[in-house]
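Structural overview
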Amino acid sequence: MNIILVLIDSVNRNALSAYGGTEFATPNLQSFAQKAWRFDNHFVGSLPCMPARREIFAGFSGMQWRPWGPLEPFDLRLPKLLESAGYTTAIVTDHYHYWEESANGYIQSFQSAEFIRGHELDFWEPLVPEADLPQWAHNIEKWRPGYGHRYFSNVANFKEESDFFPAKVMTSASEWLAKPKTGKPFFLQVESFDVHEPFDVPEPYASMYGDGAARDRFTLWPPYQDAARQAEFMSQARPEELAFVRSQYGAKLTMTDRWLGKLFTTLDELQLWDDTAVIVTTDHGHDLGERGGYGKQFPHFDSHANIPLLVWHPGFQANGGAIENLTSTVDLFASILAIAGVEPPRKTHSHSFLPLLKGDTSNARNAVIYGTFGQGICCTDGEWTLIQPPDREKPLYAYSTMLPTTIEPQDKPVDHGYYIPGIDMPQWKIPITPDGPGDRRNLDSQPLLFNRRKDPGQKHDLWQDRPEERERMLHLMRQVIEQYGAPAELFNRLGLG
């Protein structure tokens, strides 16, 4: 069985017509969903970008152990496991974090890699003189100093739609599929960094859902990593600007969908559907002003945590069927191996969703957890969701065999030993400050409890009103975290000790 994994960054589930969205056009994803399995309760795991990819590549839920960073020497490598089973492996991507020092080890796992350069802050083209920046780049600079200058320098020569990143990624992936192979089955990972910010698109997309010329008055890239800057932006932004940002996100989604269609057309032309499994998903969604914020920071509401997953498998045809069972990003690892008929060499945090395609729910998850290292953890059983913030005054440690540049240790002793269950390799136990600022909306200071079925928008906190469900979900969260073998201090930080 050939396998194609399509990972499109920052896709909001509720923006897709396949999931009932009506605001933006996504006809190619809709067409694919009509024959694929649609997973309705698929959730993020470790956030954001590289922690999510560590889950996919290694089947390891890293949010309990370490922030953003490279693969560990002990991490399994999904492409290497497939290669050992006889697969030809390749990746086509514009996700520039892969070629940064802080994300080493991922792309090195493939037999071949095609890089599309220049997205976001990629150190690609020389910086243009500041005097040459257009107004829309200056608008980005106001809220993200250096970002507008770097990005515009990369794309200054873009003229046509074909110059933009989704076009290049999907065209290159289609070309790879058409190349002669050795006869082995293949695993192709196709990654589009879009729909990620900045929400820069050419016409006709820029004016498809709003006024594209408004980029000279508004920003294409609201701030969210800095809590104070986020609050300042939200206090100043008029409804017209918030609507404009949303319109440009939708424009980029529609443009990405258009070029994804090229990849699907290639599968038609090469007659690959009968022997190729195709998985389409994202790493996380992206809040677009919901609850007064942008991005994908803790607390992780369903608006960016309940993400799309569409799966085509020629052996288990769905015809648009839906799967209600819980799955998570970390489950892609075991599922892809299962499709290939490969057993992982050791136990991981990943559960294959392949049995669900057969109607076998005997080993289905009863809950999933998700979060950002040092920021808190969320747990859902499908009906109820618990969002549990940390006590930031209690100790936090990162565990690694290395000292990645993303870990900034405190001026305290660093221990070493065997801390991660199942890993026969010593790790450093590094005192660390929380990864990133607290929530910019002051929503992370207390636990939150929601009934997803009765309150899908998660607007009504039931923490005080439903003590029996509160205690049940706290117990369930503790059980799941224990199953992952999390470090002892995490339970204390979350009030689960």
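Above this text is the structure in question.
Below: a short report on this structure. (Residues numbered from 1 in each chain as written. Predicted model: local features only at pLDDT ≥ 70, side-chain atom pairs only at ≥ 80, totals over all residues. Heavy atoms only, no water.)

Okay, the nonpolar core next. Ranked by size, the top nonpolar core spans 68 residues in total, and within it Ile4, Val6, Phe32, Leu177, Leu188, Val190 and Val280 carry the most contacts. Considering each element in turn, this core owes the most residues, eleven residues, to helix H8 (residues 239–269). Setting aside chain neighbours within four positions, we find valine 190 in contact with Ile4, Leu5, Val6, Leu7, Val92, Val169, Met170, Ala173 and Leu263. Formed by 43 residues, the second largest nonpolar core is a distinct cluster that contains Leu5, Phe57, Leu309 and Phe333. (Core = buried A, V, L, I, M, F, W, Y, C linked by side-chain atoms within 4.5 Å. Buried < 20%, exposed > 50% of the residue type's maximum accessible area, 1.4 Å probe, protein only. Helix = DSSP H or I, 4+ residues; strand = E, 2+ residues; numbered from the N terminus. Contact = heavy atoms within 4.5 Å.)

The side chains of a regular strand alternate, first on one face of the sheet and then on the other. Among the six residues in strand S8 (residues 276–281), six count as buried, and that is most of the element. With four bridges connecting them, S8 and strand S11 (residues 309–312) associate as antiparallel partners. Directly across from valine 280, in S11, lies its bridge partner leucine 310. (Pairing = 2+ DSSP bridges.)

A few words now on the sheet that holds strand S20 (residues 448–451). Ordered in space as S4-S14-S15-S16-S20, the five strands form an open sheet in which the pairing is mixed. Because the sheet does not close on itself, it has two edges, and the strands there are strand S4 (46–47) and S20. Where helix H12 (residues 467–484) meets the sheet, its contacts fall on strand S14 (368–372), strand S15 (376–380), strand S16 (384–388) and S20, and the angle it forms with S16 comes to roughly 70°. (Axes fitted to C-alpha atoms, helices over the stretch in contact; angles between N-to-C directions.)

Let's shift gears to unusual backbone geometry. Residues leucine 47 and proline 48 are joined by a peptide bond in cis, for which omega reads -5°. Counting through the fold element by element, proline 48 comes out in the loop between S4 and helix H2 (49–58). Omega for the peptide link from glutamate 197 to proline 198 comes to -5°, which places this bond in the cis form. Phi at glutamine 271 takes a positive value of approximately 55°, unusual for a residue other than glycine. Residue position: glutamine 271 is located in the loop between H8 and S8.

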